[in-house]
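Tertiary structure, described
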Amino acid sequence: MRALWTILIASALAACATTQTPDTQPPAGVEDRAPGAARPGTQAVPAKPVTGVDLTGDKPAAAGVAPHRDPANVLSQRSVYYDFDKYDIKDEFKPVIEAHARYLRENASLKMLIQGNTDERGSREYNIALGQRRSEGVKRMLLLLGVREEQVEAVSLGEEKPKEAGHTEEAWTRNRRSDMLYTGEY
Amino acid sequence: MRPMRNLLAAVLVLFAACSAHAQLSIEITGAGAQRIPIAVAPLAGEGALLDASGAGISAIVRADLERSGLFRGLEVPRLVPQPTEASSVNYAEWRSRLADALVLGSVAGRPDGRFEVRFRLYDVLKQSALGGVAYTLTREQVRATAHRIADYVYEKLTGEKGVFSTRIAYVVKRGERYELQVADADGANEQAMLVSGEPIISPAWSPDGRRLAYVSFQNKKPIVYVQDIEVPKQQIVANFKGSNSAPAWSPDGKRLALALTRDGNSQIYLVNPDGSNVQRLTRSGGIDTEPFYSPDGEWLYFTSDRGGSPQIYRMSTRGGEAQRITFEGGYNVSPRVSPDGRSLAYIARNGGKFQVALLELATRQVQVLTDSDLDESPSFAPNGRVILLATIVAGRGVLTAVSADGRVKQRLTVTAGDVREPAWGPLNK
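Residues numbered from 1 in each chain as written. Chains lettered and ligands numbered in written order. Predicted model: local features only at pLDDT ≥ 70, side-chain atom pairs only at ≥ 80, totals over all residues.

1. Re the overall build of chain B
Inclusion rule: A run of H or I in DSSP becomes a helix once it reaches four residues, and a run of E becomes a strand once it reaches two; helices and strands are each numbered from the N terminus. Two things to know: the radius of gyration comes from C-alpha atoms, and the globule rule equals 2.2 Å times the number of residues to the power 0.38. Any pair of residues counts as being in contact when their C-beta atoms, constructed from backbone geometry, are within 7 Å of one another.
Along the backbone of chain B there are 4 helices and 31 strands. Relative to its length of 429 residues, chain B is compact, with a C-alpha radius of gyration of 23 Å against a globular reference of 22 Å. Dimensions of chain B, computed from C-alpha atoms along their principal axes, come out at roughly 75 × 50 × 40 Å. Across chain B, contacts joining residues at least 24 apart in sequence account for 45% of those joining residues at least 6 apart.

Here it is in structure tokens:
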């Protein structure tokens, strides 16, 4: 089951990649794609091996970088940020979500996991519920834009997986977010 | 696909109950205004029955009583001959040492290899014996026996149940490793229930103290489990679409209240501890979470943002309308009803600080008990006297304990790592 799934994704990625200019960069793993984190000109460094290990033994897409793994592409932006105790999607993040909606529509075999996160303040349990509201909000917008329900799953990590350690306003700002991950990245 | 991923992702080890040395250390950072001066004399012959760290029963009893913040242990010089519970008491001499209360006793070996510990408690001011007990025990039970003596002394002198024989659960984070630990109330005898590479939160004791419900992210999302203290095996209680979290036991141990997002927003459900008979309780358009039963089992207190900001509400466990309980401030979460049902501890935001507040339900009087600013997860001691909580001190996660009058404070730290998510277990029967 898992193997079949991996093959499907690998072929989906390869299919996407062929529409791109061939590139010799290896595909990157899960990376921090926060706005401002991916600087132009920096090389995409392969992250440490992803948990979703390739059980088929085939490496997906040596042919090039899939659009959602290309740092220059808008699809490399994966995070939506929020104000404290809020879950409304600010206007500045709507174009990013629209781009992902388009991409998911065009690649019907791709799946996405949305992880809602909060800063560390307040209650861990309330933050689980708040993170779920954040990820559901992104999911709802994707569905309104024509993405199929079975392509998207929304979960919450609450305050348990901060992007940035520390107890400062700056860290909290970066931790209040929804992250969009494609299959193979979680 | 699921089992495969679980196998790959879960860095999960279940530990059989095994003894470990104490890693949680406790420091008293504030004490009651009036502490009872008590002399706990070394029990005659206690040198033959020491714990693993070399402490005798009298030292363990004294440390317990002092940790409560209600007692001041007096230094007792070496007395010859050593007095026992059978000696006649020289009250004038103990009064001259400024003792209000006195414990004398003895330890004797038995032919079967076990020990007999006897003690008697005296009121020095009234010059009378308040009672005593004899225990038969094995060498492994030396700390447990000392805690029972401390419980006896505490109850006789304060009129309230002692909690020295109880246990606490908490989560330690060391790097990317999460450990669900159970320890004695004094931090000794720490035992790992669960070790995982993913977060563990919200441990909750069953009313009989034999099981813990908790939330583990070992499968990359919050799922509620129940685990027997003595059996290293997890049982899934709720694993629905979305988040499954915030378990709370009913006082009779037959139901668990949970927060589930399977039907959209986080709402409160009741379920049997084996996962059967799921029943939805709340139906709001907002977030409902953190259920907590009143001790009579009639009410569920919970957090909800239905009014625009997170506040505490309560609802009958049979359903119906919710009543709002907190009104001051824009963020009040994590309700915990006191064991006597009269007050409610919760986390309130006060000018950007998240602190433990105590609401007296009859009068609606609110008192802020802490002066820290990132408090979480309050948990009452089973006698209602102390509230255990998690906070951040100097960038590290620590547990602190504060008395319900705000006076006595303790800090519990681990040697390396962050400690959080405390849950105080029930009284020993």
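2. Some points on the overall build of chain A
Spelled out, the test is: Every C-beta atom is placed from the backbone, and the number of other C-beta atoms within 10 Å of a residue's own sets its class: buried at 20 or more, exposed at 12 or fewer, partly exposed in between.
Counting its secondary structure elements, chain A contains 4 helices and 4 strands. In chain A, the succession of helices and strands from N to C terminus is α-β-α-β-α-β-α-β. When the 186 residues of chain A are sorted by exposure, 43% land in the buried category. Counting only contacts in chain A whose residues sit at least 6 apart along the sequence, the fraction spanning at least 24 positions is 75%.

3. As for the pairing of strand S3 (residues 36–40) of chain B
Rules: Note on pairing: two strands pair once DSSP finds at least 2 bridges between them.
The pairing of S3 of chain B with strand S4 (residues 71–73) of chain B spans 3 bridges and is parallel. Each residue of the ladder has a partner; that of Pro 37 of chain B, found in S4 of chain B, is Arg 72 of chain B.

4. As for the pairing of strand S28 (residues 386–393) of chain B
Residues and elements named next belong to chain B. Among the 8 residues that make up S28, 6 are buried, leaving the element largely enclosed by the rest of the structure. Pairing of strand S27 (residues 376–380) with S28 involves 3 bridges; the strand directions are antiparallel. Counted as the bridge partner of Ser 379 is Leu 388 from S28. Taking the residues that link successive antiparallel strands as the turn, the S27-S28 hairpin has 5 residues, and the phi of Gly 384 there is positive, at about 75 degrees. Here S28 runs beside strand S29 (residues 396–403); their pairing, made up of 8 bridges, is antiparallel.

5. Observations regarding the interface of chain B and chain A
Quite often, the size of an interface is put as the accessible area lost when its parts meet. Filter applied, for reference: In this count, Pro and Cys sit with the nonpolar residues alongside Ala, Val, Leu, Ile, Met, Phe, Trp and Tyr, while Asp, Glu, Lys and Arg are called charged and the others, Gly among them, polar.
With 34 residues of chain B in contact, the opposing surface of chain A contributes 23 residues. Among the elements that make up the side of chain B that touches chain A, the one with the highest residue count is helix H1 (residues 2–9) of chain B (3 residues). Tallied by class, the residues present in the side of chain B that touches chain A amount to 18 nonpolar, 12 polar and 4 charged.

6. Brief notes about the sheet that holds S29 of chain B
Residue and element names in this part refer to chain B. The criterion, for reference: Lines fitted to C-alpha atoms define the axes, with helix axes restricted to the stretch in contact, and inter-axis angles between N-to-C directions lie between 0 and 180 degrees.
The 5 strands are arranged S2-S30-S29-S28-S27 in an open sheet whose pairing can be described as antiparallel. Only two strands of the sheet have a single neighbouring strand rather than two, namely strand S2 (24–30) and S27. Between one strand axis and the next, the sheet turns by 25 degrees as a mean value, whatever way the strands run.

7. Here we look at the domain arrangement of chain B
Worth spelling out the cut-off: Start and end positions for the domains come from either an automated domain assignment or a database one.
Once the domains are mapped, chain B shows domain 1 (2–19 + 169–424) and domain 2 (31–158). On a C-alpha basis, the centres of domain 1 of chain B and domain 2 of chain B stand 36 Å from each other.

8. Quick notes on the confidence of the model for chain A
Keep in mind that low pLDDT regions are not for reading the predicted coordinates in detail. All names here are of chain A. As a reminder of what qualifies: pLDDT is a per-residue confidence score from the predictor, ranging from 0 to 100.
Per-residue confidence for chain A gives a mean pLDDT of 76, with 66% of residues at or over 70. Across chain A, element-level confidence peaks in strand S1 (residues 79–81) with a mean pLDDT of 98 and bottoms out in helix H1 (residues 2–18) with 44. Taken together, the stretch residues 1–62 has pLDDT below 50 and engages in 88 contacts with residues farther than four places along the chain or on a different chain.

9. Quick notes on the environment of Glu 116 of chain B
Residues and elements named next belong to chain B. Looking at the element boundaries, Glu 116 is found in strand S6 (residues 115–123). Distance in space between the C-alpha atoms of Glu 116 and Thr 136 is 4.6 Å, their sequence separation being 20 residues. When near neighbours in sequence (up to four residues on either side) are disregarded, Glu 116 contacts Ala 108, Arg 110, Ala 134 and Thr 136.

10. Comments concerning the nonpolar core
Across soluble globular proteins, nonpolar side chains show a tendency to be buried alongside one another. Residue and element names in this part refer to chain B. Note the cut-off: The nonpolar core is taken to be a set of buried Ala, Val, Leu, Ile, Met, Phe, Trp, Tyr and Cys residues joined by way of C-beta atoms within 7 Å.
Core analysis: the largest hydrophobic core is formed by 122 residues, its most contacted members being Ile 57, Val 61, Leu 258 and Ile 387. Per-element tally for this core: the top contributor is helix H4 (residues 142–158), with 7 residues. Counting only domains with at least three residues in this core, you end up with domain 1 (2–19 + 169–424) and domain 2 (31–158). Not counting chain neighbours up to four residues away, the residues in contact with Ile 57 comprise Leu 43, Glu 46, Leu 49, Val 107, Val 117, Val 142, Thr 145, Ala 146 and Ile 149.

11. Let's talk about the packing of helix H2 (residues 94–106) of chain A against helix H3 (residues 124–144) of chain A
Residues and elements named next belong to chain A. Stated precisely, the cut-off is as follows: Roughly parallel here means an angle under 35 degrees, roughly antiparallel means over 145, roughly perpendicular means 65 to 115, and every remaining angle is called oblique. Each crossing gets its handedness from the near helix: less than a right angle anticlockwise from the far helix is left-handed, clockwise is right-handed.
Relative to each other, H2 and H3 sit at 55 degrees, their axes nearing to 9 Å. Relative to H3, the element H2 is oriented oblique. Seen from above, H2 lies across H3 with right-handed handedness. On H3, the residues that touch Ile 97, His 100, Ala 101 and Leu 104 of H2 are Val 138, Met 141 and Leu 142. Here the residues of the contact of H2 with H3 are counted per class, giving 6 nonpolar, 1 polar and no charged.

12. Describing H3 of chain A
This is how it is decided: Under the convention used throughout, the expected extent of a helix is 1.5 Å for every residue step, that is, one less than its residue count.
Given a rise of 1.5 Å per residue, 21 residues ought to cover 30 Å, and the 30 Å separating the end C-alpha atoms of H3 of chain A matches this to within 8%. Immediately beyond the C-terminal end of H3 of chain A, within one or two residues, lies Gly 146 of chain A, with a positive phi of roughly 100 degrees.

13. Describing the sheet that holds strand S16 (residues 256–260) of chain B
Two modes of strand pairing occur in sheets, parallel and antiparallel, and in both the strands are linked by backbone hydrogen bonds. Residue and element names in this part refer to chain B. The antiparallel open sheet is built from 4 strands, whose spatial order is S15-S16-S17-S18. If you trace the sheet from one side to the other, it starts and ends with strand S15 (244–249) and strand S18 (279–280), each paired once. Both S15 and S16 contribute to a ladder of 4 bridges, which runs antiparallel. By the bridge assignment, Trp 249 is partnered in S16 with Leu 256.

14. Here we look at the confidence of the model for chain B
Across chain B, the average pLDDT comes to 91, with 94% of residues at or above 70. Scoring of the predicted complex yields 0.84 for pTM and 0.89 for ipTM.

15. Remarks on H4 of chain B
Residue and element names in this part refer to chain B. Between its first and last C-alpha, H4 extends 24 Å over 17 residues, near the 24 Å set by a 1.5 Å rise per residue. With respect to burial, H4 is a largely interior element, 12 of its 17 residues being buried. Among the residues making up H4, those that are buried are Val 142, Arg 143, Thr 145, Ala 146, His 147, Arg 148, Ile 149, Ala 150, Asp 151, Tyr 152, Val 153 and Tyr 154. Looking at the buried positions of H4, the neighbouring elements they touch are helix H2 (57–67), strand S5 (101–109), S6 and strand S7 (128–137).

16. Considerations on the packing of H2 of chain B against H4 of chain B
All names here are of chain B. Running from amino to carboxyl end, H2 crosses H4 at an angle of 50 degrees, the nearest separation of the two axes being 8 Å. Taken together, the axes of H2 and H4 are oblique relative to one another. Where H2 crosses over H4, the two elements pack in a sense that is right-handed. Residues Ile 57, Ile 60, Val 61, Asp 64 and Leu 65 of H2 form the contact with H4, whose own contacting residues are Val 142, Arg 143, Thr 145, Ala 146, His 147, Ile 149, Ala 150, Val 153 and Tyr 154. Looking at the contact of H2 with H4 residue by residue, the class counts come to 10 nonpolar, 2 polar and 2 charged.

17. What about unusual backbone geometry?
Backbone torsion omega between Val 80 of chain B and Pro 81 of chain B reads -5 degrees, so that peptide bond is classified as cis. With respect to the helices and strands, Pro 81 of chain B occurs in the loop between S4 and helix H3 (91–96). Notably, Asp 85 of chain A is not glycine yet its phi reads approximately 60 degrees, a positive angle. Within the secondary structure, Asp 85 of chain A is located in the loop between S1 and H2. With 19 C-beta atoms counted inside 10 Å, the residue Asp 85 of chain A sits in the partly exposed group. Phi angles above zero are rare outside glycine, and Asn 189 of chain B is one such case at about 65 degrees.

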